[in-house]
There are 2 protein chains.
Amino acid sequence: MQQNLYDNETFFNQYRELRENPASYNVLLEQPALHRMLPPLAGKQVLDLGCGFGDGCVGYLALGAAHVTGIDLSQNMIEAAQKKNPRAEITYICMDMTKIEDLQETFDVIISSLAIHYIRDFQGLADSVFRCLKPGGKFVFSQEHPLTTACSSYGNWQRDETGKCIYYKLDGYCRPGKRTVTWMDCTVQKYHRTFSQIISQLLCAGFQVEAMQEPVPTQENIRQVPRMYREYDKPSFLLLRAGKPAENMK
Amino acid sequence: MQQNLYDNETFFNQYRELRENPASYNVLLEQPALHRMLPPLAGKQVLDLGCGFGDGCVGYLALGAAHVTGIDLSQNMIEAAQKKNPRAEITYICMDMTKIEDLQETFDVIISSLAIHYIRDFQGLADSVFRCLKPGGKFVFSQEHPLTTACSSYGNWQRDETGKCIYYKLDGYCRPGKRTVTWMDCTVQKYHRTFSQIISQLLCAGFQVEAMQEPVPTQENIRQVPRMYREYDKPSFLLLRAGKPAENMK
């Protein structure tokens with residue numbers, strides 16, 4: 001059973017505020033990087049894993065997608081999406097992304113923005129995504145960077161006397177598994193995986209790795225959000241695009 | 001011009017001692033991982049980039065390779081290889097690995113053990129390796145891990161009062177480029193690249209990523225070399241296997 005943190009009212013309201021901030025890490029770093037990785041969406045059937053408020057789904061329609069299915073584990077979130085972003089070409093479904101084979105549909109493009117680090121069994125997910133893609137289909141996702149999910153036991157950043165972060169305290173990078181952290185006063189469970197696990201599990205599912213990004217801020221981003229200078233020491237996001245071969249040779 | 005540190009007599013002698021230690025990181029961690037990644041070598045033409053004393057070349061022959069070309073930038077090293085590991089089926093050449101197209105030969109497998117972090121232009125190297133491989137050929141390499149090449153400005157490890165390393169001080173991971181470090185009393189220049197740069201540059205050359213490893217020690221390894229426990233916090237090695245498509249579609 002996956003966690004359903006977004007059905008906690010307090011967390012949900014704080015999260016909504018965070019996501020509506022136009023100078024968030026998501027808006028400035030993660031979303032532009034995700035969009036750079038998308039294949040052409042014109043006429044495509046798209047599945048969005050962890051669709052949240054449906055803003056991504058609307059964006060994929062604007063890029064020409066014929067239809068978007070947005071799924072999210074949180075009933076709160078799905079209701080908010082239906083209110084905020086109703087569209088005839090979007091179907092919102094409250095479901096666990098590890099169960100997408102139950103949809104009994106195939107898609108051209110499966111996208112996930114910042115949800116996969118909540119999934120315990122990435123190999124199982126990658127296998128399901130592979131089976132739910134048409135031949136030649138693409139899996140594009142962002143997740144918290146493995147240096148972030150590693151989660152230092154020593155409090156992450158060392159600061160100097162002026163409060164500036166000078167280095168990141170890394171431990172346990174090669175100890176994959178569950179991490180429990182506090183985010184916006186709530187307890188959140190994430191799963192840490194190393195780079196080689198993520199890549200190996202995609203390859204094992206049958207995917208070809210097509211692109212990888214660890215986005216860094218521009219000078220303009222740092223003017224808007226000064227603490228983003230830290231991204232040059234330890235990035236927040238990892239993005240990957242993986243392709244299912246056009247001729248399924250698996 | 002590439003550095004030729006191994007032609008410095010003092011460094012060379014210390015390096016030889018290090019490599020002859022049966023309980024080194026190379027012997028216990030890197031070499032087994034590299035061997036797990038090799039394709040079948042029976043009857044193959046192999047090129048070894050940065051062959052050192054030629055021990056790798058002899059190992060590839062033992063695995064059935066028809067012929068091995070071992071190249072190294074250091075004349076000292078090539079002379080030592082010719083003395084230590086002479087074989088009719090090995091050709092040792094003193095040359096810069098960025099110039100392998102001058103060999104005007106193609107190979108089935110190109111291997112490099114712990115030399116690529118000395119190369120400034122990885123994209124140029126990947127392009128050359130791609131062109132020197134036969135269709136269907138494999139490029140297998142180990143290098144210092146990107147968390148190692150990042151090279152903290154703050155001295156790498158934080159120790160507790162007992163001297164035990166408790167976390168790794170990471171900074172500058174997203175600032176690729178030259179790093180100057182001291183190793184065995186000599187100044188060594190290395191080049192830091194992020195994971196996404198390494199992967200992107202392999203893909204850009206036309207390769208498919210086939211396998212990736214960040215090896216960790218076994219309990220037995222840690223009994224032999226107690227300080228290896230640190231590998232679970234910050235690994236020393238990254239290994240990749242990349243394939244040139246059988247039908248060259250580039």
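Residues numbered from 1 in each chain as written. Chains lettered and ligands numbered in written order. Predicted model: local features only at pLDDT ≥ 70, side-chain atom pairs only at ≥ 80, totals over all residues. Heavy atoms only, no water.

Peer 1: Mind laying out the interface of chain A and chain B, listing which residues take part and the relevant values?
Peer 2: Counting residues at the interface gives 33 residues for chain A and 33 residues for chain B. Among the residues of chain A in contact with chain B, Tyr167(A), Leu170(A) and Cys174(A) are the three that bury the most area, contributing 21% of the side total. Inspection of the chain A/chain B interface yields two salt bridges. In this structure, Asp233(A) engages Arg175(B) in a salt bridge whose closest nitrogen and oxygen atoms are separated by 3.0 Å. For the pair chain A and chain B, the interface holds 18 residue pairs in polar contact (both at pLDDT 80 or more). Secondary structure elements with two or more residues in the side of chain A that touches chain B: strand S7 (165–170), helix H7 (195–205) and strand S10 (208–213) of chain A. Among the elements that line the side of chain A that touches chain B, the one with the most residues is S10(A), at six residues. Of the residues belonging to the side of chain A that touches chain B, the class tally is 17 nonpolar, eight polar and eight charged. Bridging between S7(A) and strand S7 (residues 165–170) of chain B involves three bridges; their strand directions are antiparallel. Its bridge partner being in S7(B), Leu170(A) is matched across the sheet by Tyr168(B). (Contact = heavy atoms within 4.5 Å. Buried area = accessible area lost by both parts, 1.4 Å probe. Salt bridge = Lys/Arg side-chain N within 4 Å of Asp/Glu carboxyl O. Polar contact = N/O pair within 3.5 Å; in protein donor to acceptor, adjacent residues only side chain to side chain. Helix = DSSP H or I, 4+ residues; strand = E, 2+ residues; numbered from the N terminus. Nonpolar A, V, L, I, M, F, W, Y, C, P; charged D, E, K, R; others polar. Pairing = 2+ DSSP bridges.)

Peer 1: Lay out the packing of aromatic side chains with the relevant residues and their values.
Peer 2: Two aromatic rings are characterised by how far apart their centres lie and by the angle between their planes. What the rule picks out here adds up to 23 aromatic pairs over all chains. A centroid spacing of 5.1 Å and a plane angle of 90° characterise the contact between Phe130(B) and Phe207(B), whose relative ring orientation is edge-to-face. With Phe130(B) in helix H5 (residues 122–132) and Phe207(B) in the loop between helix H7 (195–205) and strand S10 (208–213), this residue pair connects regions lying 77 residues apart in the sequence. Here the aromatic cluster, defined as three or more aromatic residues joined through ring pairs, consists of Phe11(A), Phe12(A), Tyr15(A), Phe53(A) and Trp183(A). (Phe/Tyr/Trp six-rings, centres within 6.5 Å; stacked < 30°, edge-to-face > 60°.)

Peer 1: I'd love a proper account of the packing of helix H1 (residues 9–19) of chain A against helix H4 (residues 75–84) of chain A, names of residues and values included.
Peer 2: A pair of packed helices can be characterised by two numbers: the angle between their axes and the separation between those axes. Residue and element names in this part refer to chain A. Where H1 meets H4, the axes come as close as 11 Å, and the angle between the chain directions of the two elements is 40°. In terms of their interaxial angle, H1 and H4 are classed as oblique. The interaxial crossing formed by H1 with H4 has right-handed handedness. Seen from H1, the contacting residues are Glu9, Phe12, Tyr15 and Arg16; seen from H4, they are Asn76, Met77 and Ala80. A breakdown of the residues in the contact of H1 with H4 according to their chemical character gives four nonpolar, one polar and two charged. (Axes fitted to C-alpha atoms, helices over the stretch in contact; angles between N-to-C directions. Parallel < 35°, antiparallel > 145°, perpendicular 65-115°, else oblique. Left-handed = near helix turned anticlockwise from the far one by under 90°.)

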